[in-house]
Amino acid sequence: EAGHDRRDDLERITVRVPEVHGGEPEEGAAELPALLEADLLHGFLYQGNILTALLSWMTGVPCLTSVRNRDIWKKRRHRRVSAWAHGRALRVVFNSAQVRDETMAAERIPARRSVVIVNGVPDLPVPAAVHRDRKHQTILCVASLRQKKGHTHLLEAFRQVLTRIPQALLLLAGEGPMRRSLEETAARFAPSGAVRFSGYEPDVASLLWRSDLFVLASLEEGMPNALLEAMAASLPAVVTAVGGNPEVIEDGVTGWLVPAADSKALAARIIEM
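Note that this is a predicted model, so its numbers are computed, not measured. (Residues numbered from 1 in each chain as written. Predicted model: local features only at pLDDT ≥ 70, side-chain atom pairs only at ≥ 80, totals over all residues. Heavy atoms only, no water.)

Colleague: Help me get a handle on the overall build of the protein, residues and values and all.
Modeller: Assigned secondary structure in the protein consists of 12 helices and 10 strands. Dimensions of the protein, computed from C-alpha atoms along their principal axes, come out at roughly 60 × 40 × 35 Å. Only carbon and sulfur atoms are counted for the fraction: they give 53% of the accessible area of the protein, which is about 15200 Å². Each charge sign in the protein was given a centre, from 33 positive and 33 negative side chains, and these centres are 8 Å apart. (Helix = DSSP H or I, 4+ residues; strand = E, 2+ residues; numbered from the N terminus. Areas by Shrake-Rupley, 256 points an atom, 1.4 Å probe, with all protein chains shown as cover. Lys, Arg positive; Asp, Glu negative; His and termini not counted. Charge placed at Lys NZ, Arg CZ, Asp CG, Glu CD.)

Take a look at the structure:
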């Protein structure tokens, strides 16, 4: 649904959005000429970069590739394929200097062909009235429920927070394959309602305005939109010092940085806040 909303936004500013997809051979054959009409192909993330580079090789249309995360999951074979895809690109676009430096070293990308364009976020709508939960101090994390987002360390930190601030509430917005195991972990130490899983949340802005503190315990990041949106809502943030986070947060000035996978340090900073 979000994808359709973005397509509508693009079409409102007269950007044509054709769909190129597979199908029966006679259907797919008609799609390649449409690509030949393009002036530029832009790859997005690992699989998209590979497909874009292949299409560029097949059609002769120039391409860009992009990297938005450290991708610590990649094995040597993935790096080799990525290096081939980036080698076909006019430019490789990164969303943070840290991601650029690490990827350039691992995938042999010349500095002259790299460019950093940091993520942008729209102005957040300000609600007419903000209804805060005055019975709790609400800690908000907006992230997919995947290992790289560090929720296991966040829950351990929150267990420590509850011993000092029993009225604290942790709100986890996002969906992912770890949800059940995280719910089971939270149930073992947290009183009922102290950890809430909201699932996929299309209206993140309303959560930001109702919260007291934003936390991101990621083990890897690029340039997290969730953090940028929290700052746009003037919400204090405690995040791990990974990826582009230190390029956004000046520790102790515009937010707080803690080491990744250090639940004790994370808990201490949350309690202080």
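Colleague: Account for a nonpolar patch on the surface, naming residues and giving values.
Modeller: Together, Leu54, Trp57, Met58 and Trp84 line one region of the surface with nonpolar side chains, adding up to about 460 Å² of accessible area. With three residues, the top contributor of residues to the nonpolar patch is helix α4 (residues 45-59). (Patch = residues over 30% accessible without salt bridge, like charges linked within 9 Å, V, L, I, M, F, W, Y side chains within 5 Å. Salt bridge = Lys/Arg side-chain N within 4 Å of Asp/Glu carboxyl O.)

Colleague: Tell me about the packing of aromatic side chains, and name the residues and values.
Modeller: The final tally for this structure, using the stated rule, is one aromatic pair. When the ring of tyrosine 46 is compared with that of tryptophan 73, the centres are 5.3 Å apart and the planes differ by 85 degrees; the resulting orientation is edge-to-face. Placement of tyrosine 46 in helix α4 and of tryptophan 73 in the loop between β2 (63-67) and α5 (76-87) is noted, with a sequence separation of 27 residues between them. (Phe/Tyr/Trp six-rings, centres within 6.5 Å; stacked < 30°, edge-to-face > 60°.)

Colleague: Describe the sheet that holds strand β1 (residues 41-42), listing the residues and the values that go with them.
Modeller: The strand order across the open sheet built from four strands is β1-β2-β3-β4, with neighbouring strands paired in parallel fashion. Edge positions in the sheet fall to β1 and β4 (114-116), since each has one partner strand and no second. Bridging between β2 and strand β3 (residues 91-94) involves four bridges; their strand directions are parallel. Bridging across to β3, leucine 64 finds its partner in arginine 91. (Pairing = 2+ DSSP bridges.)

Colleague: I'd love a proper account of the pattern of salt bridges, names of residues and values included.
Modeller: A complete count under the given rule lists 11 salt bridges for this structure. Across the salt bridge formed by lysine 74 and aspartate 71, the nearest N and O atoms sit 3.6 Å from each other. Taking relative accessible area as the criterion, aspartate 71 reaches 15% and is therefore assigned buried. Note that lysine 149 is salt-bridged to glutamate 221, the shortest N-O span being 2.7 Å. Taken as a pair, lysine 149 in the loop between β5 (137-142) and α7 (151-164) and glutamate 221 in the loop between β8 (213-216) and α10 (225-232) lie far apart in primary sequence, 72 residues in all. Salt bridges sharing common partners tie together Asp71, Lys74, Arg79 and Glu107. (Buried < 20%, exposed > 50% of the residue type's maximum accessible area, 1.4 Å probe, protein only.)

Colleague: Before we move on, can you summarise empty space enclosed by the protein with the specific residues and values?
Modeller: Per the stated rule, a full pass over the model turns up one cavity of 30 Å³ or more. Approximately 30 Å³ is the volume found for the largest cavity. Around the largest cavity, the lining residues are His153, Ala217, Thr240, Val258, Pro259, Ala260, Ala261, Asp262, Ser263 and Leu266. Looking at side-chain class alone, the lining of the largest cavity contains six nonpolar, three polar and one charged residues. (1 Å grid on protein atoms, 1.4 Å probe; cavity = no way out; pocket = protein on both sides within 12 Å on 5 of 7 lines; lining within 4 Å. Points joined across faces, edges and corners; volume = space filled by probe spheres on them. Nonpolar A, V, L, I, M, F, W, Y, C, P; charged D, E, K, R; others polar.)

Colleague: Outline the sheet that holds β5, supporting the account with residue identities and numerical values.
Modeller: What the six strands build is an open sheet, ordered β7-β6-β5-β8-β9-β10; its pairing is parallel. Because the sheet does not close on itself, it has two edges, and the strands there are β7 (195-199) and β10 (256-258). Adjacent strand axes in the sheet meet at a mean angle of 25 degrees when their direction is disregarded. Pairing geometry for strand β9 (residues 237-240) and β10, over three bridges, is parallel. Looking at β10, one finds that valine 239 is bridged to leucine 257. Against the sheet, α7 contacts β5, β6 (168-173), β7 and β8, and its axis sits at roughly 165 degrees relative to β6. Sheet strands touched by helix α12 (residues 263-272): β5, β8, β9 and β10. Its angle to β10, the strand with the most contacts, is close to 160 degrees. (Axes fitted to C-alpha atoms, helices over the stretch in contact; angles between N-to-C directions. Contact = heavy atoms within 4.5 Å.)

Colleague: Let's hear about the pairing of β3: which residues, and what values?
Modeller: A crossover connection joins β2 to the parallel β3 through α5; in handedness this β-α-β unit is right-handed. Pairing geometry for β3 and β4, over three bridges, is parallel. Counted as the bridge partner of phenylalanine 94 is valine 116 from β4. For the crossover that starts at β3, traverses helix α6 (residues 97-107) and ends in the parallel β4, the hand is right-handed. (Right-handed = clockwise from strand over helix to strand, strands pointing away.)

Colleague: I'd like a description of the layout of surface pockets, backed by residues and values.
Modeller: Considering only enclosed or pocket space, the largest pocket measures out at about 1700 Å³ in volume. Arg6, Arg68, Asn225, Ala226 and Glu229 are the residues nearest the centre of the largest pocket, which is lined by 49 residues in total. Across the lining of the largest pocket, the residue classes tally to 22 nonpolar, 11 polar and 16 charged.

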